[in-house]
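So you can see what is in the structure, the chains are spelled out below.
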Amino acid sequence: MSVDCLFCKIVAGDIPARKLYEDDHVIAFHDIAPQAPVHFLVIPKKHIATLNDLTEDDKALTGHIVHTAQRLAKEQGCEEGFRVVMNCNELGGQTVYHIHMHVLGQRQLHWPPG
Ligand code: 5GP
Ligand code: ZN
């Protein structure tokens, strides 16, 4: 837990979020500014600031994030196609420094993202 972290506050329940799923290790909730009809975030409950801060010990956790994203994408009707994104640091477009996997779906997505 990092006291100044927005997503740690969501994990703690101090800031409300529209939750899709929660277990001992991860939480998933709708993005506050959706960029697609389906846009939710899957985050670890443990505070990890950026992808650069992951360690070998986080391998099971990162696998769990991916599987949770895949399962919820299906539940949200996105099995035909969807995108997952993890932004790292300012150059990668990261604005909240607690790692999160974006899941976007139910519209045509293009590449490169710009
Ligand atoms: P990043 O730019 O770090 O990859 O993504 C951060 C995401 O968090 C953005 O898509 C932004 O809309 C979302 N976000 C920021 N503040 C909040 C909040 O208070 N609640 C929720 N649900 N999403 C947030
Ligand atoms: Zn945090």
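Before any of the text, the structure's been laid out above.
The structure displayed is predicted, hence computed values, not measured ones.

Rules used in this analysis
- Residues numbered from 1 in each chain as written.
- Chains lettered and ligands numbered in written order.
- Predicted model: local features only at pLDDT ≥ 70, side-chain atom pairs only at ≥ 80, totals over all residues.
- Heavy atoms only, no water.
- Donors = N, O, S within 2.8 Å, 3.2 Å for Na, K, Ca; no water.
- Tetrahedral: all angles 85-135°; square planar, octahedral: opposite > 155°, others 65-115°.
- Helix = DSSP H or I, 4+ residues; strand = E, 2+ residues; numbered from the N terminus.
- Buried < 20%, exposed > 50% of the residue type's maximum accessible area, 1.4 Å probe, protein only.
- Near = heavy atom within 4 Å.
- Polar contact = N/O pair within 3.5 Å; in protein donor to acceptor, adjacent residues only side chain to side chain.
- 1 Å grid on protein atoms, 1.4 Å probe; cavity = no way out; pocket = protein on both sides within 12 Å on 5 of 7 lines; lining within 4 Å.
- Sits in = over half its atoms within 2 Å of the grid points.
- Nonpolar A, V, L, I, M, F, W, Y, C, P; charged D, E, K, R; others polar.
- Contact = heavy atoms within 4.5 Å.
- Points joined across faces, edges and corners; volume = space filled by probe spheres on them.

Asker: Before we move on, could you go through the coordination of the zinc ion (ligand 2) and cite the residues and values that matter?
Answerer: The protein atoms donating to the zinc ion (ligand 2) are Cys5 (SG), Cys8 (SG), His47 (ND1) and His98 (ND1), with metal-donor distances spanning 2.0 to 2.3 Å. One can describe the site at the zinc ion (ligand 2) as tetrahedral: its four donor atoms subtend angles covering 104 to 116° at the metal. Here the donor residues of the zinc ion (ligand 2) share one chain and are spaced in sequence as C-x2-C-x38-H-x50-H. With a gap of 39 residues between them, cysteine 8 in helix H1 (residues 6-12) and histidine 47 in the loop between strand E3 (38-44) and helix H2 (59-75) connect regions that are remote in the sequence. Owing to a relative accessible area of 1%, cysteine 8 belongs among the buried residues under this scheme. On the basis of relative accessibility, which here comes to 25%, the residue histidine 47 falls in the partly exposed class.

Asker: Could you give an account of the site of ligand 1, naming the residues involved and the relevant values?
Answerer: In the region of ligand 1, 16 residues are neighbours, and His30, Asp31, Asn87, Thr95 and His102 sit closest. Within the backbone of valine 96, an N or O atom sits 2.9 Å from an oxygen atom of ligand 1. With respect to the pocket detection grid, ligand 1 is positioned in the largest pocket. Of all the elements in the fold, those that place two or more residues in the shell around ligand 1 are H1 and strand E2 (26-30). Of the residues that constitute the shell around ligand 1, the class distribution is eight nonpolar, seven polar and one charged.

Asker: Now, about the side chain of histidine 102: what can you tell me, with residues and values included?
Answerer: The residue histidine 102 is located in strand E5 (residues 101-105) in this model. A relative accessible area of 13% places histidine 102 in the buried class. A polar contact is formed between the side chain of histidine 102 and the side chain of histidine 39, at a distance of 2.8 Å. Apart from the residues within four sequence positions on either side, histidine 102 is in contact with Asp31, His39, Phe40, Leu41, Arg83, Val84, Val85 and Asn87.

Asker: How would you explain the layout of surface pockets if you had to name every residue and give the values?
Answerer: Empty space left among the atoms is revealed by rolling a probe the size of a water molecule over them. Estimated volume of the largest pocket: approximately 740 Å³. Lining the largest pocket are 30 residues, with Asp31, Ala33, Gln35, His39 and His102 sitting closest to its centre. Looking at the lining of the largest pocket, the elements with two or more residues in it are H1, E2, E3, strand E4 (82-85) and E5. At three residues, the largest contribution of residues to the lining of the largest pocket is made by H1.

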